[in-house]
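# Structural characterization, general
Each chain is listed here by its residues.
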Amino acid sequence: MPEDTDRLRALFDAVATDGFTSAEAIHNCISECGLSIDDHRLRTMRTRLQAQQQRPIDQEAFTDIVRDELLTVSRIVRRQLVVPDWPEFCQAIRRIYDEVAPDRSGANANYIPILRDADPEKWGVALCSVDGQRFCLGDVDVYHSIQSVSKPLTYAYALSKEGEEFTHAHVGMEPSGRPFNDLSLLPDLRPFNPCVNAGAIMIAGIVASGSPDRSAREVTQDIMDLWTALCGGVGEVRFSEETMLSERATAHNNFAIAYLLQGRKGLPRNVDLHKTLDIYLSCCSIEMTASMLSVAAATLANGGVCPVTGVQVLPTELVKRTLAVMQFAGMYDNAGAFTFSVGLPAKSGVAGAVMAVVPNLMGFATFSPRLDAYGNSVRGVAFCRQLVDRFTFHVYDSLSGGRTGCKQDPRESQRNRKHRDLSDLRWALSYGDRYASKVRDLALTSMIDICLGDGDIEDSELAVIASTLEDIVGSPIEVSELESLARNRQAQALASAIPPFEGLVARLAQEQVHLDDNARELILESAFRVACADGEVEPQEHERLLKIAEALAIHAGVLQLEIDRFQRKLAKR
Ligand code: GLU
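### A short note on the side chain of asparagine 197
Looking at the secondary structure, you find asparagine 197 in helix α9 (residues 197-210). A relative accessible area of 3% places asparagine 197 in the buried class. Here the side chain of asparagine 197 touches lysine 151 through a polar contact of 2.4 Å, side chain to side chain. In contact with asparagine 197, not counting residues within four places along its chain, are Lys151, Phe180, Asn181, Asn254, Ile257 and Tyr280.

### Considerations on the packing of helix α12 (residues 252-263) against helix α13 (residues 273-284)
Two numbers describe how α12 lies on α13: the axes approach to 11 Å, and their chain directions differ by 135°. Judged on the interaxial angle alone, α13 and α12 are oblique. Between α12 and α13 lies a crossing whose hand is right-handed. Each of Asn254, Phe255, Ala258, Tyr259 and Gln262 in α12 lies in contact with α13, whose residues at this interface are Leu273, His274, Leu277, Tyr280 and Leu281. In terms of residue class, the contact of α12 with α13 is made up of 7 nonpolar, 3 polar and no charged.

### Brief notes about the pairing of strand β1 (residues 124-129)
Strand residues, when the strand is regular, have side chains that alternate between the two faces of the sheet. For β1, a buried count of 6 out of 6 residues is recorded, marking the element as mostly surrounded by other parts of the structure. On β1, burial covers both faces: Gly124, Ala126 and Cys128 on one face and Val125, Leu127 and Ser129 on the other are all buried. In this structure, β1 lies alongside strand β2 (residues 134-138), joined through 5 bridges in antiparallel fashion. Counterpart to cysteine 128 in the pairing with β2 is arginine 134. Connecting β1 to the next strand, β2, in antiparallel fashion are 4 residues, including glycine 132 with a positive phi near 85°.

### Let's talk about the sheet that holds strand β4 (residues 238-239)
Taken in spatial order, the 3 strands of this open sheet run β3-β5-β4, and their pairing is antiparallel. The open sheet has two edge strands, β3 (144-145) and β4, and neither has a second partner. With 2 bridges connecting them, β4 and strand β5 (residues 286-288) associate as antiparallel partners. Residue arginine 238 lies in a different strand from β5, and its bridge partner there is glutamate 287.

### Overview of the site of the ligand
Residues in close proximity to the ligand include Tyr111, Gln147, Ser148, Phe180, Asn197, Glu247, Asn254, Tyr280, Cys284, Tyr332, Gly349 and Val350, which together make up its full environment. Note that an oxygen atom of the ligand is positioned 2.6 Å from one of the side-chain N or O atoms of tyrosine 280. One nitrogen or oxygen atom from the side chain of tyrosine 332 is found 2.7 Å from an oxygen atom belonging to the ligand. When the ligand is considered free in solution it has 300 Å² of accessible area, and contact with the protein chains removes 94% of it. The residue inventory of the shell around the ligand, partitioned by class, reads 6 nonpolar, 5 polar and 1 charged.

### Details of α12
Spacing of three or four residues puts side chains on the same side of an α-helix, whose turn is 3.6 residues. Over its 12 residues, α12 runs 16 Å from end to end, which matches the ideal 16 Å to within 8%, given 1.5 Å per residue. Close packing links the buried residues of α12 with α9 and α13.

### With respect to the environment of asparagine 108
Along the chain, asparagine 108 turns up in the loop between α6 (86-100) and α7 (113-116). Here asparagine 108 falls in the buried class, since its relative accessible area comes to 16%. In the structure, asparagine 108 is positioned 38 residues away from isoleucine 146 in sequence and 14 Å away in space, judged by C-alpha atoms. Each residue touching asparagine 108, except ones within four places of it in the same chain, is listed here: Leu115, Arg116, Ala118, Pro120, Pro369, Arg370 and Leu371. Within the local environment of asparagine 108, its side chain forms a polar contact with the backbone oxygen of alanine 118, the two atoms lying 2.9 Å apart.

### Quick notes on the nonpolar core
Counting residues in hydrophobic clusters, the biggest one holds 111 residues, and the most contacted among them are Trp227 and Leu314. Those residues within four positions of tryptophan 227 in sequence are excluded, and the remaining contacts are Ile146, Val149, Ser150, Leu153, Val237, Ile286, Met288, Leu293, Ala296 and Met355. One finds Leu429, Phe528, Leu559 and Ile563 within the second-largest nonpolar core, a separate group that totals 45 residues.

### Some remarks on the environment of tryptophan 123
Of note, tryptophan 123 is situated in the loop between α7 and β1. A relative accessible area of 3% places tryptophan 123 in the buried class. On a C-alpha basis, the gap between tryptophan 123 and arginine 487 in space is 54 Å, while along the polypeptide they are 364 residues apart. Discounting residues that sit within four places of it in the chain, tryptophan 123 has contacts with Tyr97, Val100, Ala101, Leu137, Gly138, Asp139, Thr366, Phe367, Ser368, Arg379, Gly380 and Phe383.

### Focus: the sheet that holds strand β6 (residues 346-348)
The strand order β2-β1-β8-β7-β6 describes an open sheet built from 5 strands, whose pairing is antiparallel. Looking along the sheet, the strands with just one partner apiece sit at the ends: β2 and β6. Here the average twist between neighbouring strands, direction ignored, is 10°. Pairing analysis gives 3 bridges linking β6 to strand β7 (residues 353-358), with the strands arranged antiparallel. Looking across to β7, one finds that alanine 346 is bridged to alanine 356. Relative to β2, α6 is tilted by about 25°, and along the sheet it contacts β1, β2 and β8 (362-367).

### A few points about the packing of aromatic side chains
Overall, the coordinates contain 9 aromatic pairs when judged by the stated rule. Relative to phenylalanine 89, the ring of tryptophan 86 has its centre 5.7 Å away and its plane inclined at 40°; by these criteria the two rings are tilted. With tryptophan 86 and phenylalanine 89 both in helix α6 and 3 residues apart, this pair spans about one turn of that helix. We classify phenylalanine 89 as buried; its relative accessible area is 4%.

### Quick look at a nonpolar patch on the surface
Where nonpolar side chains cluster on the molecular surface, the patch consists of Val395, Tyr396 and Leu399 and spans about 350 Å² of accessible area. Along the chain, tyrosine 396 turns up in the loop between α17 (378-390) and α18 (414-430). Residue classification places tyrosine 396 among the exposed residues on the basis of a relative accessible area of 57%.

### Points about the pairing of β7
With 6 of its 6 residues buried, β7 lies for the most part within the structure. Burial along β7 is two-sided: the face carrying Ala353, Met355 and Val357 and the face carrying Val354, Ala356 and Val358 are both buried. Relative to β8, β7 is paired through 6 bridges, and the arrangement is antiparallel. Paired with valine 357 across the bridge in β8 is glycine 363. Count of turn residues in the β7/β8 antiparallel hairpin: 3 residues, of which asparagine 360 carries a positive phi of about 65°.

Cut-offs applied
- Residues numbered from 1 in each chain as written.
- Predicted model: local features only at pLDDT ≥ 70, side-chain atom pairs only at ≥ 80, totals over all residues.
- Heavy atoms only, no water.
- Helix = DSSP H or I, 4+ residues; strand = E, 2+ residues; numbered from the N terminus.
- Buried < 20%, exposed > 50% of the residue type's maximum accessible area, 1.4 Å probe, protein only.
- Polar contact = N/O pair within 3.5 Å; in protein donor to acceptor, adjacent residues only side chain to side chain.
- Contact = heavy atoms within 4.5 Å.
- Axes fitted to C-alpha atoms, helices over the stretch in contact; angles between N-to-C directions.
- Parallel < 35°, antiparallel > 145°, perpendicular 65-115°, else oblique.
- Left-handed = near helix turned anticlockwise from the far one by under 90°.
- Nonpolar A, V, L, I, M, F, W, Y, C, P; charged D, E, K, R; others polar.
- Pairing = 2+ DSSP bridges.
- Near = heavy atom within 4 Å.
- Areas by Shrake-Rupley, 256 points an atom, 1.4 Å probe, with all protein chains shown as cover.
- Expected span 1.5 Å × (residues − 1).
- Core = buried A, V, L, I, M, F, W, Y, C linked by side-chain atoms within 4.5 Å.
- Phe/Tyr/Trp six-rings, centres within 6.5 Å; stacked < 30°, edge-to-face > 60°.
- Patch = residues over 30% accessible without salt bridge, like charges linked within 9 Å, V, L, I, M, F, W, Y side chains within 5 Å.
- Salt bridge = Lys/Arg side-chain N within 4 Å of Asp/Glu carboxyl O.

Have a look at this one:
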């Protein structure tokens, strides 16, 4: 079919120059969107590319190489993965990573030497999308004990082995609002939930009681195997004997909890208390890296299917339960405040790890050993907060009704979104729509005022304003009309004590509540384009842009991203 041939041709053209492409160009295209050539969906293609070696690849050879994995290749080349603009998204992540790095508040956990002596400067962030796009920054390959990050998975394991009814007959599903190692129980004598120590020890008891013939070490190995599957085999899941020995030597409080559980309602099926505690402490002593934990988190985000291998590791129903528990109890006795401000299921551990899940989109993990008063990694929490400040990841960001405070949704490609919104606006404007006219007027005035930042407006600037207005707002303007508007504004600036730009800023601040995100972004973008027109953003233009962004309630970081993107484009030329 001709249409099919066209699509194939378009795919080829996207990676080719002068009728040829290369293995390197194809690799680059794959890694730019965050995937690796080792991806399970590209296996055949990888082998065929290897056979190609250095040879130039024409369209026929290309078709042959991608034939069996066309769907994935097409999604990659056409930027249709779950986060289409991966490089831009990663750039925003890098910015947050850098902003959080200088924070040296908090202190390492000090109850065992291995945690006390860990390098507190370590700082790593790793992400993995549900399409397997990965990005890592800093100390993401440092092995550390996962400590309490183990708890949700041991819970999931117990659910999968013993079912929900049996499991929850022994452990509650209520937030405790108390420190993680507290000895209190629910009125019916069950521990509050699987994430406080009492609950996790009970979960270990459930797991132990279900495997009477297996040693604590063997049961731990089963759980480690589950972690391996969850993180798609990226990296080796290890066990730290040193951590385990120290944990056991200092576990007085955990022993007290275990005896309390045994003395009150009893451990399940009269299982041995020491075996129970050994499993609990061994799970705390499993060692992984942030890079591995991010893939595990992505598997949870993907309903139990590991994005890196495509294997269903846990049933989706069970992942739902696990995420719910993480949401209300994952961040120690700060879980309520964390859900309030960040709104994501997450779990932290005292070695400094945080593992968080953005359902249906991605998982991420951070590592930084200094902890706050609750036992959460200071930088890890700061990273989560900033991430949710910038992106629509809070569980209730979906309630925004068109206004997300200019938070971005990385699921949508900038290009698609702008294109769709602009065509709506143009259409409405052509019928004289009042709202669209207001947006046009604010964009036009903002552009004029950007140019007047240096007191004057040149003919070349007028031409840029006219073309920007036509280009993005879809509304042509006569040069003579524009000229008289600009001269008027210039005269006002000379005549009045309050500069008209201040008036514009006040008007934008007042109007912005009635404008949706797209309209506000469009106004800023018009101003931004005019500021860039002569090849660089001058200091006074930058200052005015920032004021416009602030008046429009657009996060300064969003503007900075635009400026960076522009500068990158210039540098490429
Ligand atoms: N191993 C610690 C304990 O049981 C738990 C660590 C944590 O909360 O991350 O006391």
